[in-house]
Amino acid sequence: MRVIDDVEQTRAYARSLRRPLGLVPTMGALHEGHLSLVRAARRDCASVAVSIFVNPTQFGPNEDFASYPRDLERDLALLRDEGVDLVFVPSVEQVYPPGFDTTVSLQRTAARLEGAHRPGHFAGVATVVAKLFIIIEPNRAYFGQKDGQQTIVVRRMTQDLNLPVEIVVLPTVREPDGLAMSSRNVYLTPEERRAAPALYRGLRRATELFEAGERDAETLRQAVRAVVAGEPLIALEYVSLAALDTLDELERVDRPAMLSLAARLGHARLIDNVLLPPPTDTRQGGR
Ligand code: PAF
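Residues numbered from 1 in each chain as written. Predicted model: local features only at pLDDT ≥ 70, side-chain atom pairs only at ≥ 80, totals over all residues. Heavy atoms only, no water.

Draft legend 1. Structural detail: the pattern of salt bridges. Per the stated rule, a full pass over the model turns up 23 salt bridges. R221 is the salt-bridge partner of E249, the closest N and O atoms lying 3.1 Å from each other. Here E249 is found in the loop between β7 (235–243) and β8 (257–265), whereas its partner R221 is found in helix α10 (residues 217–228), with 28 residues between them in sequence. Owing to a relative accessible area of 43%, E249 belongs among the partly exposed residues under this scheme. Looking at R221, the relative accessible area reads 8%, which means it is buried. With a shortest N-O distance of 3.1 Å, D254 and R255 are connected by a salt bridge. Residue class for D254 comes out exposed when judged on its relative accessible area of 56%. Three or more residues are tied together by salt bridges with common partners; here these are E114, E237, R264 and R269. (Salt bridge = Lys/Arg side-chain N within 4 Å of Asp/Glu carboxyl O. Helix = DSSP H or I, 4+ residues; strand = E, 2+ residues; numbered from the N terminus. Buried < 20%, exposed > 50% of the residue type's maximum accessible area, 1.4 Å probe, protein only.)

This is the structure:
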């Protein structure tokens, strides 16, 4: 496994790898969710690259860029065990050298939900993902359904810019009690950790109602809020039930949709989502 921090060396080494090449972009602090992406890439592709870069431009001024968990040695050991070929670990200066002045921004899909609560977040994500695609030139790139809106933004950006990369989305990996795996779960106190699975219980409750025939979007959003309200440690920021392609909020669930939420538990801000109807192909988190 080659670990490279330099952009040109990474490009040259990636070009020497057997194709197809799969890329798993990460910010490190790897967990089973990331590893499920690496394993899928390993299965589907002749070579696998992973990037580890805590991208400052996708964090707001009052967000957790400085405290975001970092443990490069542990991450590299995990990736070595998974048989990864290349790990790109650039510094901030390598990705954003002095004078850097270009942003990839999306108008509509990035303005909703997370974009409305985290201004500039998706411009940071889209810019860094576009750069990673241009530097590493993967044939496929792997993302988790947990960051549902991110998968929609990245697909849109890839299509709009004609980037020759297939976007693969894999299901959210959950703890046994349903909590979506996230590098930010380490911020939870033991009490908050006990409360947190109510988020997924709310999403499940709405899914059950959907499966029983309920199509009124507000009834389904309200079902999530009602379950989460049972945990006073959770402050919901939003519950959205939106069309999967445009992220327009729905009145009736008459097309593929994403039911998503964001919530604060103490210092942690967590997101989660489910697709309605739930995907039948269990390998595929998104569409
Ligand atoms: O999902 C993440 O970890 C990040 O948003 C990504 C895609 C690596 C871009 O920094």
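Draft legend 2. Examining the sheet that holds strand β4 (residues 86–88) more closely. The sheet built from six strands is open, its strands ordered β1-β4-β3-β2-β5-β6 with parallel pairing. What marks the edges here is a single partner per strand, and that holds for β1 (2–4) and β6 (166–170). With strand direction ignored, the average angle separating the axes of adjacent strands in the sheet is 25 degrees. Where helix α1 (residues 7–16) meets the sheet, it contacts β1, β2 (21–26) and β4, and its direction lies at approximately 155 degrees from that of β4. In the packing of helix α7 (residues 148–160) onto the sheet, contacts are made with β5 (140–144) and β6, and the angle to β6 comes to roughly 170 degrees. (Pairing = 2+ DSSP bridges. Axes fitted to C-alpha atoms, helices over the stretch in contact; angles between N-to-C directions. Contact = heavy atoms within 4.5 Å.)

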